[in-house]
Amino acid sequence: MTEHGASVDPKLLEILVCPLTKGPLRYDPQAGELISDQAKLAYPIRDGIPIMLVDEARALDGDQPAKS
Amino acid sequence: MADNENQSAAPFDRALLRRRRDRAVAQWPSHNFLVREAAERLVERLDDIKRQFPMALDLGCHGGEIGAMLKGRGGIETLIETDLSPSMAALTRRGQADGAHGLARQALAADEEALPFANERFDLVLSCLSLHWVNDLPGTLAQIRHCLKPDGVFLATFLGGETLNELREAWIEAETVEEGGASPRVSPFVDIRDAGALLQRAGFALPVVDSDTLTVSYESIFNLMAELRGMGETNVLRNRRRTPTRRATAMRAAEIYGQRFKTPDGRLPATFQILTMTAWAPDPGQQQPLTPGSAKQDLATALHTKAEKITDD
């Protein structure tokens, strides 16, 4: 449904949440990332595959991710 | 002490499992026999459920075997396929022929222990041989139930407690004889008696578990172990032994396996017990058990017999 992280199917965004907080995600088309504002984590999309792993997520604002 | 407690809380090293699965991608088509076999049995079950499942999830998709076998089964329109290993998810994506049989497929990397799905999104969750390395199975089952719509179906195959019992026995005895003590070599799998209770504890309705045994034969114990490695299924127990196996112990294990289990054609059987679980997310419309004592007809009439008082003599 997606190509090179250039876009994300809106249907996919309706079902995905942050695996850590179960909170909402928003798509950042520039970075090709799915952002969890609650967890302050950015999940990458690589070659059209969202990588929904906390270990692979980028911490935002230089803060440490809110790891449990 | 603290370390021991940690081990009992999380018996499996999931980061190691991920690396094993990442590595298994290269040789996957030569070692996916068991997964294909189990996936075939799993998708056939869909024919028995007279329902349509437009939105479905394949949790722990390996190389996308289920997605390739669906061929219109279950009325699935969208299939989300996840694997703990991003490389496996990428392998699945490469094999996806979008639009075949009207099926849209999307691969994701996701951890079975921390699902990235909102509540009540799926009509069906499928899982093929991917939940036996989950540390907190009740927690994962609860997350699966939450992402199912009411009256949604969970259909999964697991490796059961009799899996690889020949290999377990051979290793325990070889280590005991050669080294004076055994280390955990083969994972503890879910017992069929526990599986239904686990589903109920996770809030599923109408759970059914059945067991099927698949015996695969190998030329030698070393071929079997190479196959397990190729599947990314070798030991990820946290308290596995970290020192290299002594040659003498390995040879002894091979000898014991051969002596005890070799079949007349000279090959070594390996048992895989495949448990199939079916359960439903609760819904008020489902059949409910009657209140005890609410029967309208007595048992004796139903059995065409006469009720008699039991006297003790």
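Everything below is about the structure shown above.
These figures come from a predicted structure and were not determined experimentally.

### Quick notes on the environment of Val43 of chain B
Residue and element names in this part refer to chain B.
Alright, step 1. Among the structural elements, Val43 can be located in helix H4 (residues 33-46).
Alright, step 2. Spatially, the C-alpha atoms of Val43 and Asp298 are 42 Å apart, while their sequence positions differ by 255 residues.
Alright, step 3. Every residue in contact with Val43, bar those within four places of it in the chain, is listed here: Ile66, Met69, Leu70 and Arg73.

### Considerations on the pairing of strand E1 (residues 55-59) of chain B
Residues and elements named next belong to chain B.
Alright, step 1. Burial runs high along E1: five of the five residues are buried.
Alright, step 2. Of the two faces of E1, the one carrying Met55, Leu57 and Leu59 and the one carrying Ala56 and Asp58 are both buried.
Alright, step 3. Direction of pairing for E1 relative to strand E2 (residues 78-83): parallel, over a ladder of five bridges. Across the sheet, residue Leu57 finds its bridge partner in E2, namely Ile80.

### A few points about the interface of chain B and chain A
Alright, step 1. Each side of the interface is counted separately: chain B has 25 residues, and chain A has 19 residues.
Alright, step 2. Across the chain B to chain A interface the summed buried area is about 1800 Å²; carbon plus sulfur atoms make up 59%.
Alright, step 3. Among the residues of chain B in contact with chain A, Arg93, Gln106 and Pro116 of chain B are the three that bury the most area, contributing 30% of the side total.
Alright, step 4. For the pair chain B and chain A, the number of links is one salt bridge.
Alright, step 5. Glu56 of chain A is the salt-bridge partner of Arg18 of chain B, the closest N and O atoms lying 2.9 Å from each other.

What counts, and at which threshold
Residues numbered from 1 in each chain as written. Chains lettered and ligands numbered in written order. Predicted model: local features only at pLDDT ≥ 70, side-chain atom pairs only at ≥ 80, totals over all residues. Heavy atoms only, no water. Helix = DSSP H or I, 4+ residues; strand = E, 2+ residues; numbered from the N terminus. Contact = heavy atoms within 4.5 Å. Buried < 20%, exposed > 50% of the residue type's maximum accessible area, 1.4 Å probe, protein only. Pairing = 2+ DSSP bridges. Buried area = accessible area lost by both parts, 1.4 Å probe. Salt bridge = Lys/Arg side-chain N within 4 Å of Asp/Glu carboxyl O.

In short, geometric facts, not functional conclusions.
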